[in-house]
Amino acid sequence: MTDSLRAAEERSAAIEARIATHPADLRMLTGDRPTGALHIGHYFGSIANRLKLQAAGVEIFQLIADYQVITDREVAGDIRASVRNLLLDNLASGIDPDRATIFTHSAVPALNQLMLPFLSLVSVAELQRNPTVKEEAASAGITSINGLMLTYPVHQAADILFCKANVVPVGKDQLPHIEQTRVIARRFNERYGATFPEPGALLSEATNVLGTDGTKMSKSKGNVIELRMTADETARKIKGAKTDSDRQITYDPQNRPEVANLIKIVSMCEGTKPSQVAAEIGDGGGGGLKARLTDAVNSYFAPLRERRAELEADPGYVDEVLGRGNDRANEIADATLDDVRDKMGMTYS
Ligand code: TRP
């Protein structure tokens, strides 16, 4: 393990302890790229974590990172529909708009302007070394990285620092960006005076849920169970899931990864141990496993889906939530930018 990973894990554990004792000292920011609707992998991997923090009394900033969509694709697709889907998924999951600030990049000019001084604090070589940016470019098949793709970790620092968030719940892939944010905060503070906190990542246990074919969930592969699916759509999707020919169901992630993944999803929905789920299905085979999984997913997500349908029928309310979030984000971003300009000696009247 590298030193920086160990340090990040220690910071994460310290934050974990602070959530229990001093939740009011913490401000959390997370972001989602609006590229479609959320699936159950997102739910167990990150939404569940946000709900836990919200319940503990941590203040929540929930960014819909619309400008980040155009880092690795030329067309943003139907961005408006994707933003709405994200709003619906978050609200239906239980993110409380009276306690959380939900907002979009493009509606908060002062946040984006922070990127200018921040860019002056990092070197091109540093940007080019970021392993996550390199991986993302490679997996999107990009050979010519655009300027925003190269610099989006700096933009992400503006996302986090504009509201002085000190907790960012992320997977390990995002650690280079959190490290970049810490470096930017530190350099700004050194050069211009104490202004920003150095935020820490809150690393979640990797509840890595795979798609119905046992590979990474991805819309283009058609292996995804979306939160918004109906019970029938879910049943159909699960029917097509990959299993194996052994009728005796066992939880064996090493040798039976597809079966193990389906068992794990049952286990997360039911709160039952994977080995127990497997024992209960016994010689029921793939069919038995799929039937159990369909029931588990459909009952676990039924209340969420019901709320989602209600929200969908009330677009005025959903628009208002985003409007309110954007107003609040703007107020905070304006104040931060004023302070930044002041510290830099760029206040003229
Ligand atoms: N890059 C993140 C992702 O792809 C989304 C994101 C944008 C984000 N801004 C952020 C995450 C700030 C945490 C903090 O998932």
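Residues numbered from 1 in each chain as written. Predicted model: local features only at pLDDT ≥ 70, side-chain atom pairs only at ≥ 80, totals over all residues. Heavy atoms only, no water.

Draft legend 1. Molecular detail of the packing of helix H3 (residues 79–93) against helix H13 (residues 285–312). Where H3 contacts H13, the axes come no closer than 8 Å and their chain directions differ by 130°. As far as their axial angle goes, H13 and H3 are oblique. Note on packing geometry: the crossing formed by H3 with H13 is right-handed. Counting all contacts with H3, which are made through Asn 85, Leu 88, Asp 89, Leu 91, Ala 92 and Ser 93, the residues of H13 involved are Leu 304, Arg 307, Arg 308, Leu 311 and Glu 312. The residue inventory of the contact of H3 with H13, partitioned by class, reads five nonpolar, two polar and four charged. (Axes fitted to C-alpha atoms, helices over the stretch in contact; angles between N-to-C directions. Helix = DSSP H or I, 4+ residues; strand = E, 2+ residues; numbered from the N terminus. Parallel < 35°, antiparallel > 145°, perpendicular 65-115°, else oblique. Left-handed = near helix turned anticlockwise from the far one by under 90°. Contact = heavy atoms within 4.5 Å. Nonpolar A, V, L, I, M, F, W, Y, C, P; charged D, E, K, R; others polar.)

Draft legend 2. Structural view of the pairing of strand E1 (residues 27–32). Of all six residues making up E1, five are buried, and the element is well covered by its neighbours. Two elements, E1 and strand E2 (residues 59–64), share six bridges in a ladder whose sense is parallel. Counterpart to Met 28 in the pairing with E2 is Ile 60. Crossover handedness for the path E1 to helix H2 (residues 40–56) to E2: right-handed. (Buried < 20%, exposed > 50% of the residue type's maximum accessible area, 1.4 Å probe, protein only. Pairing = 2+ DSSP bridges. Right-handed = clockwise from strand over helix to strand, strands pointing away.)

Draft legend 3. Just the packing of aromatic side chains, in detail. For the coordinates displayed, the defined rule picks out 13 aromatic pairs. Plain terms: the ring middles of Tyr 43 and Tyr 300 are 5.9 Å apart, the flat faces sit at 80° to each other, and that makes the pair edge-to-face. On the criterion of sequence distance, the pair formed by Tyr 43 in helix H2 and Tyr 300 in helix H13 is long-range, its members being 257 residues apart. Judged by relative accessible area, Tyr 43 falls into the buried class, the value being 8%. (Phe/Tyr/Trp six-rings, centres within 6.5 Å; stacked < 30°, edge-to-face > 60°.)

Limitation: the analysis is restricted to geometry and does not speak to function.
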